[in-house]
Amino acid sequence: MAPSAVVETPNVTEPSLYLQGIPHDRFAQIRSIAGLAWHPYENGGFWAVTRHAEARYVSRNPELFSSAIGHTNLWDLEADALEARRSLIDTDAPDHTRLRRLVAGAFTPKNIRRWEQVVREITGNLLDEFIDQGGGDWVELVAAPLPIQVILTMLGVPVEDSDYLVELSNYLVEGTGDAQSIPPDAFGNTTELRLLPFNSPASHALFEYGEGMRQKRRNDPRDDLVGHLVKAELEGERFSLSEYRNMFHLLVFAGNETTRTAISHGAMALAANPHEWQRVLDDPSMIESATEEILRWSTPVMHMRRTATTDTEMAGTYIAQGDKVVMWYASANRDEAVFEDAFKFDAGRFDAGRTNSDHFAFGGGGPHLCLGAFLARLEVSVLLEEMSKRFLRLEQTSEPVRARSNFVHGVLSVGMQPAATS
């Protein structure tokens, strides 16, 4: 519940704010408030966790801050909707441990490195096409197809379906905002939207696609991620059809949308900071630090909610059992107490050589650390390596069209072309 004496908190939940980019000035105001700030929302509100230290504390204390109670987004769900939509990110131990164990092996550093050549071939082909046609929409030509082709290959899904699944992902992002461009019955959906992830009929389409893949692997077992999930089900693991559907949904969406966002913002940062990219070209050992800076700079998922399981205190603020606590990664990644010059977000403050990589692009640690963190790092670093091999410098040719969302820091399109060399 709201405290008796409320400090006025700048609104950071209005989706339209993000059409112009993250409202960093508002987050800076909230970070400056002593203790935690109470942010009104709908008929209640939440504690806005905007500083790095508190975001880490919430992430690493799941016994105090639950992912399973209510929802991980800003709003609450009815009990039946929560169960219908519950995925890996909406669970606590022991269910979270059980579900994560089913897929975690595929995303270890050792197993991710097995995919490096696949990532490199996909990336090289996309960059060559981009260069050959003199540029165009970076999202359409590079940022979107790269991660979706990789995750589909890992899943065992036909890569030729990537455009369709990117289309579904775009509609899912719309569901995180306040307006959708498709009707509730799109894709033949007859399910109440409140029962579907992102309140989107595109989730119905993704469920149906995932079920089709499930049936294919039951009839034609293969050594891919979908085959692994089906095998676990057939061998008696506690893994329901609803859990399979939501896991497939999560792997497709998170496996492409977040890296796509990082690659989009990364391209804009490199185009706006040619001197920083030149540093990388001159010293390829900086690719690792440049990768981490792109991830921090982009912060693909901007917030995640938890719910207090008991009365507790943080940053000198009393938090009651049942209170919503929202970690704003977009703010924590610009916390002046952690990242030097982080808040000076003009173009010149993107630092490809930044040595502090303690960012929260993959969450604040703990059991919900992003499953695909190693894969995302591989995709971004290979992209930089392949750009470096081609001496590719980028010039931005149009303003970005941003997603109307306070959850995904999405870019729908942005024009890029190879920059002229002097």
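Residues numbered from 1 in each chain as written. Predicted model: local features only at pLDDT ≥ 70, side-chain atom pairs only at ≥ 80, totals over all residues. Heavy atoms only, no water.

Asks: A description of the overall build of the protein chain should follow, citing residues and the corresponding values.
Replies: Within the protein chain one finds 16 helices and 12 strands. On C-alpha atoms alone, the protein chain measures out to a radius of gyration of 21 Å, which is about the 22 Å that the 2.2 N^0.38 rule sets for 422 residues. Seen along its three principal axes, the alpha-carbon backbone of the protein chain occupies a region of about 60 × 55 × 40 Å. Taken over 422 residues, the protein chain has a buried fraction of 57%. Of the contacts formed within the protein chain by residues at least 6 apart in sequence, a portion of 70% connects residues at least 24 apart. Approximately 17500 Å² of the protein chain is accessible, and the part contributed by carbon and sulfur atoms is 50%. Looking at the protein chain, you have 39 positive and 59 negative side-chain charges, and the mean spots of the two groups are 4 Å apart. (Helix = DSSP H or I, 4+ residues; strand = E, 2+ residues; numbered from the N terminus. Rg over C-alpha atoms; globule rule 2.2 N^0.38 Å. Buried < 20%, exposed > 50% of the residue type's maximum accessible area, 1.4 Å probe, protein only. Contact = heavy atoms within 4.5 Å. Areas by Shrake-Rupley, 256 points an atom, 1.4 Å probe, with all protein chains shown as cover. Lys, Arg positive; Asp, Glu negative; His and termini not counted. Charge placed at Lys NZ, Arg CZ, Asp CG, Glu CD.)

Asks: Break down the sheet that holds strand 8 (residues 324-328) for me, with residues and values.
Replies: Read from one edge to the other, the open sheet built from 5 strands follows the order 1-2-8-5-3, with strand pairing classed as mixed. Bordering the open sheet on either side are strand 1 (37-41) and strand 3 (65-66), each of which pairs with just one other strand. Here strand 5 (residues 303-308) runs beside strand 8; their pairing, made up of 5 bridges, is antiparallel. Opposite M304, over in strand 8, you have M327 as the bridge partner. Sheet strands in contact with helix 2 (residues 52-59) are strand 2 (44-49), strand 3, strand 5 and strand 8, and its direction is about 125 degrees off that of strand 8. (Pairing = 2+ DSSP bridges. Axes fitted to C-alpha atoms, helices over the stretch in contact; angles between N-to-C directions.)

Asks: So what's going on with unusual backbone geometry? Residues and values would help.
Replies: In this chain, A93 is followed by P94 through a cis amide linkage whose omega measures 5 degrees. One can find P94 in the loop between helix 3 (79-85) and helix 4 (95-104). The phi dihedral of F198 falls on the positive side, at around 65 degrees, and the residue is not glycine. Within the secondary structure, F198 is located in the loop between helix 9 (162-174) and helix 10 (201-219). Residue F198 is classed as buried on the basis of its relative accessible area, which comes to 12%. Non-glycine residue A315 carries a positive phi angle of around 55 degrees. In this structure, A315 sits in the loop between strand 6 (312-314) and strand 7 (317-319).

Asks: Before we move on, can you summarise the side chain of T312 with the specific residues and values?
Replies: With respect to the element layout, T312 can be found in strand 6. Each residue touching T312, except ones within four places of it in the same chain, is listed here: L64, F65, T317, Y318 and I319.

Asks: How would you explain the packing of helix 8 (residues 145-155) against helix 16 (residues 373-389) if you had to name every residue and give the values?
Replies: Two numbers describe a pair of packed helices, the interaxial angle and the distance between the axes. As a packed pair, helix 8 and helix 16 sit with axes 11 Å apart at the nearest point and diverge in direction by 130 degrees. Judged on the interaxial angle alone, helix 16 and helix 8 are oblique. Seen along the crossing, helix 8 lies across helix 16 with a hand that is right-handed. Of the residues in helix 16, those in contact with L146, P147, V150, I151 and M154 of helix 8 are L375, E379 and L383. Its residues placed into classes, the contact of helix 8 with helix 16 shows 7 nonpolar, no polar and 1 charged. (Parallel < 35°, antiparallel > 145°, perpendicular 65-115°, else oblique. Left-handed = near helix turned anticlockwise from the far one by under 90°. Nonpolar A, V, L, I, M, F, W, Y, C, P; charged D, E, K, R; others polar.)

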